[in-house]
Each structure stands twice: as C-alpha cells, then as structure tokens.
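# Working through the structure, step by step
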Amino acid sequence: MSSENLPQSPAQEPRKPRVAVVFGGRSSEHSISVVTAGAVLRAIDREKYDVLPIGITTDGRWALTADEPDRMAIADRTLPSVESLAESTDGGVVLSVDPGNREVVLSEPGSVPKALGEVDVVFPMLHGPYGEDGTLQGLLELSGVPYVGSGVLSSAVGQDKEYMKRVFVSFGLPVGPYEVIRPREWENDPSAARKKIVGFAGEHGWPLFVKPARGGSSMGITKVDDLSGLDEAIEEARRHDPKILVESLLRGREIECGVLEFEDGPRASVPAEIPPVTSHDFYDFEAKYIDSAAGLVPAPLTEEQTAEVRRLAVDAFDAASCEGLVRADFFLLDSGEFVINEINTMPGFTPISMYPRMWQETGVSYPELVDRLIQAALRRPTGLR
C-alpha cells in the first residue's frame, strides 16, 4: 500500500510560545511590580502567546495567580498584592533548575504535584532586590530559561547605585558627586559616618539626598536641608537597605530616555522631561504612582541636546552590558552639561509610565513594545553571551 493511501493524521498546529509573567517579590516595590505586571498581562497578544501569571509573595513564596489584570491596578489609592491574587494560600510554584526541563510544577500540601506545562520565556516584572538585581536572573540562567531584560551582572550593577556609578565613571560617563555609607560604618561608628556625610555637605553644599543604595521607585529617599534631619533620613533609607547613598543636589532639569534592544542593537527613544513637582518636595513615590505627576514627552530640548542625551543613554546601556530595555535618568545642569543619575533595568512599565510613553512617542506602541521584548528574549540564549 502506498503512503498516499494511508490514513493521514490531522496536522498539529505549532505550539505558541509560553510566557511566564513573574511579578510581586520581596522588595518594598512589591505592589508596583503587581501594577506593572497587570499592564503587561493586558497587552500580551493571546493569539500569539500562551501566558502563565506567577506571583511572588512578600515572604518569597511563588504562587499561581489569577490572570485578572483589572485586579492588579491601584484602586482608591490602595496598592495591590500577590497575596490577594494567589489561587492558593499554601501551594507553591516550582521552576526546575535542570536546563533540560522547563516544566513548571504546582505543589500543594496533601496533593500530587501538578504539571503546569513548559515555559519558553519569563517576563520578570520585578522591581528592586530579589528580582531586578540579578538574583532571579541567576535562577533562570541555571534553569536554562530565556528571560526579558538584562543578565545577572548588568541587573546587579543596575540595582546597586554605588557600583553603577563606578562603572559609568570607568567608561567616561558624567556622574554627580556622591558618598556611600556601608552597613558596618553606620553600625560600628555612626559618629564617624555622620562626620563623613557632613564633610561631603561642606564640600558640595546642602541640601542632600539620602537614599537606599539598592532601592527604587523613590522609596526611602529623603531630602535633607541641614544636619538636624540627617539621622532620621539615614534610618529611613536603612529601612530599605543597610547600605545608603548620599548625593548632592544637582540644579537643573530632570531628563529621561528609554533604550530598547532591536535586531540591529540598542536604540534610544525620544527623551522626556520630569517637570518640577509643586505639590511634593521632589519626584518621590507619591508623585510617581499615586498623584501621577505628568512628564513632558518629548522633552523640550534642542536637536543637539536630544541627540546628546540619546547617545549617552545608549552608552550607559552598553557600559553596563544591558540587554532588552533600560530607562536612563539624567540631569541637564544649568551649565548645559548632561549628568547621568541612574539607569533602571526594569523601569516602571504601565502604559502611563515614562518608559512606554517615550517609546509611544517614538513610534512603538505599548503592545508592540511588549512583543519586541519577548521576541528579543526568545532570540537570546542563556549562559555566556
């Protein structure tokens, strides 16, 4: 009998890539991560991808969560949490660390572990320590699962503002004056640490900004006008991170620029400007996420200034060996010089956040932005590259 006469089994459609959106986490930015993930879940093309939402609770448990983006938004100034979205209070999601096995398993007390299927790529919508800082990226490297965004080293550098600035200086990028107080310095001799900061203020002037060295979303930052508020500011920063960073006030305009990885390399968006926030002392957490301070997109800059800040943003992306995406934050000083303040390797990512707004103005819509990041991660291997 010829093969033409054999019964033909129906052709199977190719499986859609499966995207695990991981969010929440143990950092103080837990709720912002949930908000961000909700926006991404809403934007992912379900005709093109299968989606598995996985939340990490504030105590570190991985939980299968409801795929309900509307429940992940800020409502009446109330922040969402993974705990409110988890489908079980006891069960845990486990990702294999065997590079040959990308299957995700749900394990619940008293029940047989349930396979949830393989994951092709992880979209880690985590902000701050235990997620954005290279820790999750290291786990995914061990597991052999591709992921959106920067790798272990660049994620760690992007989280630790001290070493970020050290890297930038080594590559010739302009940074502002800063001082670091390490945990042992404050714990062993707070008087000497305080004297070190006062000496810094004597050289660069008050006010100062005291912030967690490895924080984000402007949490734990205090503007200090004189010595009387210093100890309280240090303790506030240390609630978020035992290592603190002290920066001088830079007088100028706050300018941001997005960087996105394309097939031919990183490109910069049109820049944006954060105007002075009259209802807040500076662009703090409340201004960013609760009161929705509006940024100017595009920033009112000259052609030369726009070209310069875009060049510096890509240079910062390359200096820290970043991948996927970065938001680079600058000060345009009164002297006309740009100074880089920091980069965010997983910036705020709701449709009204500055990073997506800058790319929207550049011609990349929010759904296309999400898709480009997933596709870039699928093209990129894990391991040394």
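Bear in mind that the values here come from a model prediction, so they are computed numbers and not experimental data.

Reading guide: rules and limits
Residues numbered from 1 in each chain as written. Predicted model: local features only at pLDDT ≥ 70, side-chain atom pairs only at ≥ 80, totals over all residues. Heavy atoms only, no water. Pairing = 2+ DSSP bridges. Helix = DSSP H or I, 4+ residues; strand = E, 2+ residues; numbered from the N terminus. Axes fitted to C-alpha atoms, helices over the stretch in contact; angles between N-to-C directions. Patch = residues over 30% accessible without salt bridge, like charges linked within 9 Å, V, L, I, M, F, W, Y side chains within 5 Å. Areas by Shrake-Rupley, 256 points an atom, 1.4 Å probe, with all protein chains shown as cover. Salt bridge = Lys/Arg side-chain N within 4 Å of Asp/Glu carboxyl O. 1 Å grid on protein atoms, 1.4 Å probe; cavity = no way out; pocket = protein on both sides within 12 Å on 5 of 7 lines; lining within 4 Å. Points joined across faces, edges and corners; volume = space filled by probe spheres on them. Nonpolar A, V, L, I, M, F, W, Y, C, P; charged D, E, K, R; others polar. pLDDT = per-residue confidence, 0-100. Contact = heavy atoms within 4.5 Å. Core = buried A, V, L, I, M, F, W, Y, C linked by side-chain atoms within 4.5 Å. Buried < 20%, exposed > 50% of the residue type's maximum accessible area, 1.4 Å probe, protein only.

### Overview of the sheet that holds strand 9 (residues 208-212)
- Taken together, four strands build an open sheet; the order of strands is 8-11-9-10 and the sheet is antiparallel. With partners counted over all chains shown, the strands left at the sheet margins are strand 8 (178-181) and strand 10 (222-224), one partner each. Averaged over all adjacent pairs, the angle separating strand axes in this sheet is 25°, with direction ignored.
- Two elements, strand 9 and strand 10, share three bridges in a ladder whose sense is antiparallel. Of the residues in strand 10, the one forming a bridge with F209 is K223.

### Details of a nonpolar patch on the surface
- Where nonpolar side chains cluster on the molecular surface, the patch consists of V198, W206 and L227 and spans about 240 Å² of accessible area.
- Structurally, L227 can be placed in the loop between strand 10 and helix 7 (230-238).

### What about the sheet that holds strand 6 (residues 114-118)?
- Pairing is antiparallel across the open sheet formed by three strands, whose spatial order is 4-5-6. Every other strand in the sheet has two partners, leaving strand 4 (92-95) and strand 6 as the edge strands with one partner each. Put simply, the sheet's adjacent strands are angled 25° from each other on average, direction ignored.
- As paired strands, strand 5 (residues 103-107) and strand 6 are joined by four bridges and run antiparallel to one another. Counted as the bridge partner of V104 is G117 from strand 6.

### Side note on empty space enclosed by the protein
- Tallied over the full model, the rule gives three cavities of 30 Å³ or more.
- Of the voids in this model, the largest cavity is the one considered here, and its volume is about 50 Å³.
- Along the walls of the largest cavity sit P124, L126, G131, E132, Q137, V148, G149, S150, S155, T345 and M346, which together make up its complete lining.
- Considered class by class, the residues forming the lining of the largest cavity number four nonpolar, six polar and one charged.

### Brief notes about the confidence of the model for the protein
- Per-residue pLDDT for the protein averages 91, and the proportion of residues at 70 or more is 92%.
- Confidence over residues 287-292 falls short of pLDDT 50; this stretch has 20 contacts with residues more than four positions distant or in other chains.

### So, the nonpolar core
- Among the nonpolar cores identified, the biggest contains 33 residues, and V21, F23, I44, F123, M125, F349 and V370 are the most heavily contacted of them.
- Broken down by secondary-structure element, the contributors of at least two residues to this core are strand 1 (18-24), helix 1 (30-43), strand 7 (121-125), strand 12 (252-262), helix 10 (354-362) and helix 11 (366-379).
- In this structure V21 touches A37, L41, I44, V51, L52, P53, I54, F123 and M125, once residues within four positions along its chain are discounted.
- Counting 27 residues, the second largest nonpolar core, distinct from the first, contains C257, V259, V309 and I340.

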